[in-house]
Amino acid sequence: MTSTAASATLVVDGAYELAEGGRWFDDRYVYVDILSGRLFEPRDDTGPTRLACLDVPLGAVAPVHGRLDTWIAAAGTGIALLTPDGALDWLDRPEDRTPFPSRMNDGVADPAGRFWAGSMAYDGTPGAGSLYRTDPDGTVVRVLDGLTIANGPAFTADGAIMYLADTAVGTILRCRIDPLSGDLPSSPETFARLRDDEGSPDGMTVDAEGCLWVALWGAGAVRRYHPDGRLLHTLAVPAPHPTSVCLPPDDNRLFVTTARYGVTNPTATSGAVLSFPVPVPVRGTAGRSWRGRL
């Protein structure tokens, strides 16, 4: 295992409470500030451009294939289409039917064009979180329950493996996926279990070599794991709560979002978007679209 303490570039000093969900779509990097319900895209000349501002928390988005400036969003208590005028067209709000006040959290589209997103109780009630899959016909299916803070779904290039973090219990799960149906033919297995002093797994991405990159909340670090579970590399982040990691396919930079939430004396790098030189010679993968047929 190697470690790097590369200099960070401050891409956006946004003072965000909970910046998250950084993704690379069609040569664009977008991210959210979850609790304020805002979606952003940084621009080199003008700073961050706000693409949407909702009256509910916004966990993550993916573009809708074939519909310009329309997103599928893990927002509030469910899944919605976010239209170019900023309105939400709800597909389902399953967290309205749970016994605890809850919200949606991180989410991502898989290579087959389905959208996956996790949920959590506001107070972190153990086992109150779930993982949902939104199929191309708009049906929202609860795939897993009994999670606490479902975070960072990330897929291999063939869509056959999904990594899922349960942040509160320090566990990264590996789930085998039927690429045709999106079903899980077997129970998830534990890919990695972190000690309390190693931080908590948050946002994740898979690179072109099939290795998993994980932002570690509370540890000020990003880790890279081999598909067999070996820890390959640790990158130091100058903020205690990195929340997501994005590795573009054609840019020798690693983007990391961070949070001010829970930081006693935050600096400019907490609640920001940072970039680093990629510490190993590997390319990332572009984010996928939801291929909805609505």
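Residues numbered from 1 in each chain as written. Predicted model: local features only at pLDDT ≥ 70, side-chain atom pairs only at ≥ 80, totals over all residues. Heavy atoms only, no water.

(A) Structural detail: the layout of surface pockets. There is about 350 Å³ of room inside the largest pocket. As for the largest pocket, its lining consists of 18 residues, of which Leu 18, Arg 103, Met 120, Ile 149 and Tyr 261 are closest to the centre. Looking at the lining of the second largest pocket, the elements that each hand over two or more residues are β2 (9-12), β4 (28-33), β5 (38-43), β6 (47-53) and β24 (253-258). The biggest single contributor to the lining of the second largest pocket is β5, with 3 residues. Across the lining of the second largest pocket, the residue classes break down as 7 nonpolar, 1 polar and 6 charged. (1 Å grid on protein atoms, 1.4 Å probe; cavity = no way out; pocket = protein on both sides within 12 Å on 5 of 7 lines; lining within 4 Å. Points joined across faces, edges and corners; volume = space filled by probe spheres on them. Helix = DSSP H or I, 4+ residues; strand = E, 2+ residues; numbered from the N terminus. Nonpolar A, V, L, I, M, F, W, Y, C, P; charged D, E, K, R; others polar.)

(B) Quick peek at unusual backbone geometry. Despite not being glycine, Ala 15 has its phi angle at roughly 50 degrees, a positive value. Mapped onto the fold, Ala 15 is located in the loop between β2 and β3 (19-25). Phi is positive for Asp 27, which is not a glycine, with a value near 65 degrees. For Asp 27, the location among the structural elements is in the loop between β3 and β4.

(C) Local environment of the side chain of Arg 103. As for its placement among the helices and strands, Arg 103 is situated in strand β11 (residues 102-109). Here Arg 103 sits buried without a salt bridge, and the closest side chain of opposite charge, Glu 20, lies 7.7 Å off (N-O distance). A distance of 2.9 Å separates a polar atom in the side chain of Arg 103 from a polar atom in the side chain of Asn 105. If we ignore the near neighbours within four places in the chain, the residues touching Arg 103 are Leu 18, Ile 34, Leu 35, Pro 57, Gly 76, Ser 119, Met 120 and Tyr 122. (Buried < 20%, exposed > 50% of the residue type's maximum accessible area, 1.4 Å probe, protein only. Lys, Arg positive; Asp, Glu negative; His and termini not counted. Salt bridge = Lys/Arg side-chain N within 4 Å of Asp/Glu carboxyl O. Polar contact = N/O pair within 3.5 Å; in protein donor to acceptor, adjacent residues only side chain to side chain. Contact = heavy atoms within 4.5 Å.)

(D) Structural view of the sheet that holds strand β17 (residues 171-176). Reading across the sheet, the 4 strands line up as β15-β16-β17-β18 and stay open at both edges, with antiparallel pairing between neighbours. On the outer flanks of this sheet lie β15 (150-155) and β18 (189-193), each paired with one strand and no other. Neighbour-to-neighbour, the strand axes of this sheet turn through a mean angle of 25 degrees, independent of strand direction. (Pairing = 2+ DSSP bridges. Axes fitted to C-alpha atoms, helices over the stretch in contact; angles between N-to-C directions.)

(E) Fine view of empty space enclosed by the protein. Overall, the coordinates contain 1 cavity of 30 Å³ or more when judged by the stated rule. Considering only enclosed or pocket space, the largest cavity measures out at about 190 Å³ in volume. If you trace the largest cavity, you find 18 residues lining it, with Arg 23, Val 108, Thr 205, Thr 285 and Gly 287 closest to the centre. Put simply, the parts of the chain that give the lining of the largest cavity at least two residues each are β3, β11, β15, β19 (200-206) and β23 (242-246).

(F) View of the side chain of Glu 198. Looking at the secondary structure, you find Glu 198 in the loop between β18 and β19. On the basis of relative accessibility, which here comes to 14%, the residue Glu 198 falls in the buried class. In terms of polar contacts, Glu 198 uses its side chain to reach the backbone amide nitrogen of Arg 195, at 2.6 Å. Residues contacting Glu 198, with those up to four places away along its chain left out, are Arg 193, Leu 216, Ala 219 and Arg 223.

(G) Looking closely at the nonpolar core. Grouped together as the largest cluster of nonpolar side chains are 29 residues, with contacts concentrated most on Leu 39, Leu 58, Val 61, Trp 71, Ile 72, Ile 79 and Phe 115. Ranked by residues supplied to this core, first place goes to strand β8 (residues 71-75) with 5 residues. (Core = buried A, V, L, I, M, F, W, Y, C linked by side-chain atoms within 4.5 Å.)

(H) Structural context of the sheet that holds strand β13 (residues 129-134). As summarised here, the arrangement of the 4 strands in space is β11-β12-β13-β14, forming an open sheet in which the pairing is antiparallel. This sheet does not close on itself; its edge strands, each paired only once, are β11 and β14 (140-147). Neighbour-to-neighbour, the strand axes of this sheet turn through a mean angle of 20 degrees, independent of strand direction. Note that strand β12 (residues 115-121) and β13 share 4 bridges and pair antiparallel. Along β13, the bridge assignment pairs Gly 118 with Leu 131.

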